[in-house]
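Reading the structure
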Amino acid sequence: MSEHYRDHDHERAQRRENPDPTEGERPFPKPLLAVVFGLVAWGIGYIYITQSNDDAAFGDHRTLSTLQGPAPGAKVDGAQIYNAQCVACHQASGSGLPGVFPPLAESEWVTGDPARLAQIVLHGVSGTLTVKGAAYNGMMPPFKDKLDDAEMAALLTHIRSQFGNRGKPVDAKLVLEARSASSARTAPWNGDDELATFK
Ligand code: HEC
């Protein structure tokens, strides 16, 4: 009997207890939801509106179109090649950096014999090079493997007509001839000494 009694007691004690807590079915507050969605939409909009791929005011002034290069079949653009390949050293104004990178502006090498100019850009230059009366002793990289004849012609025509220069245009045939005349060469031209062999 005592066993039965105890059971009963136990049940009553259990009933007195509070029920186990359960998580309430409280919905996410609507205003907060609106704020979250609003922020996400604003973020996406902000990224979209401030697309700065073509803003050349920052960095090294190369735009997306410069880096992508010309569209296939497009006419080669000498200015674009200059901006992609040469501007880092010779600067956008063609004035170079005093004592480090010689100027292309009013340079006798640029406006002079176009075949000699083609040789300079095809193979590069090291050793002492005198430009507008100042001696440079740097390293101009070769571009023979980077630019084809048409690209080289457009580039040389560009630098001969910019920065105050008044040189005649250069065509792809001249570049091709310059290329084959020096096809065995693997080293850059050795400054004034070697380039003096051209007129
Ligand atoms: C890494 C830097 C650098 C880059 C890039 C460069 N050059 Fe040069 N360039 C030089 C230096 C340095 C010299 C002088 C070499 C020497 O002192 O022997 C030079 C010399 C020249 C010269 C003969 C001297 C003069 O000022 O007229 C020409 C022309 C020239 N560069 C054109 C170009 C063209 C065109 C490009 C782009 C295809 C180019 N360079 C890219 C550094 C550079």
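Residues numbered from 1 in each chain as written. Predicted model: local features only at pLDDT ≥ 70, side-chain atom pairs only at ≥ 80, totals over all residues. Heavy atoms only, no water.

1. Section: the sheet that holds strand β4 (residues 139-140)
In spatial order, the strands read β4-β1-β5; together these 3 strands make up an open sheet with mixed pairing. Strands with a single pairing partner mark the edges of an open sheet, and in this sheet they are β4 and β5 (189-190). Bridge analysis of strand β1 (residues 125-126) against β5 gives 2 bridges, and the strand direction is parallel. When the bridges of β5 are listed, Val 125 appears paired with Trp 189. (Pairing = 2+ DSSP bridges. Helix = DSSP H or I, 4+ residues; strand = E, 2+ residues; numbered from the N terminus.)

2. Brief notes about helix α4 (residues 78-85)
Buried within α4 are the following residues: Gly 78, Gln 80, Ile 81 and Tyr 82. At the N-terminal boundary of α4, the capping side chain belongs to Asp 77, with an oxygen 3.0 Å from the backbone nitrogen of Ala 79. (Buried < 20%, exposed > 50% of the residue type's maximum accessible area, 1.4 Å probe, protein only. Polar contact = N/O pair within 3.5 Å; in protein donor to acceptor, adjacent residues only side chain to side chain.)

3. A closer look at the site of the ligand
Lining the immediate surroundings of the ligand are 29 residues, of which Cys 86, Cys 89, His 90, Ser 107 and Met 140 lie closest. His 90 has a polar side-chain atom sitting 2.8 Å from a nitrogen atom of the ligand. For the ligand, an oxygen atom lies 2.8 Å from a polar atom in the backbone of Gly 138. Spatially, the ligand is embedded in the largest pocket. Counting residues per element, the ones that place at least two in the shell around the ligand are α5 (87-90), α6 (108-111), α7 (114-123), β1, β2 (129-131), β4 and α8 (149-161). It is α7 that contributes the most residues to the shell around the ligand, 3 residues altogether. Across the shell around the ligand, the residue classes break down as 22 nonpolar, 7 polar and no charged. (Near = heavy atom within 4 Å. 1 Å grid on protein atoms, 1.4 Å probe; cavity = no way out; pocket = protein on both sides within 12 Å on 5 of 7 lines; lining within 4 Å. Sits in = over half its atoms within 2 Å of the grid points. Nonpolar A, V, L, I, M, F, W, Y, C, P; charged D, E, K, R; others polar.)

4. Digging into the coordination of the iron atom of the ligand
Ideal geometry at a metal centre gives angles of 109.5 degrees when four donors are arranged tetrahedrally and 90 or 180 degrees when six donors are arranged octahedrally. Bound to the iron atom of the ligand on the protein side are His 90 (NE2) and Met 140 (SD), at distances that span 2.0 to 2.1 Å. Between the 6 donor atoms coordinating the iron atom of the ligand, the angles at the centre fall across 87 to 180°, so the site counts as octahedral. Residue His 90 is located in helix α5, and its partner Met 140 is located in strand β4; the two are separated by 50 residues in the primary sequence. By the burial criterion, His 90 is buried, and Met 140 matches it. (Donors = N, O, S within 2.8 Å, 3.2 Å for Na, K, Ca; no water. Tetrahedral: all angles 85-135°; square planar, octahedral: opposite > 155°, others 65-115°.)

5. A closer look at the nonpolar core
Among the nonpolar cores identified, the biggest contains 31 residues, and Tyr 82, Val 121, Met 152, Leu 155, Leu 156, Ile 159 and Leu 195 are the most heavily contacted of them. Ignoring sequence-local partners within four residues, the contact set of Met 152 consists of Val 121, Leu 122, Phe 143, Leu 147 and Val 175. (Core = buried A, V, L, I, M, F, W, Y, C linked by side-chain atoms within 4.5 Å. Contact = heavy atoms within 4.5 Å.)

6. A closer look at the environment of Asp 192
When you line up the elements, Asp 192 lands in helix α10 (residues 191-195). Among the residues examined, Asp 192 registers a relative accessible area of 22% and is labelled partly exposed. For the pair Asp 192 and Ala 135, spaced 57 residues apart in sequence, the C-alpha separation works out to 9.6 Å. With residues up to four places along the chain from it excluded, the contact list for Asp 192 reads Trp 109, Thr 128, Leu 129 and Thr 130. A polar side-chain atom of Asp 192 sits 2.6 Å from a polar atom in the side chain of Thr 130.

Keep in mind these values describe shape, not function.
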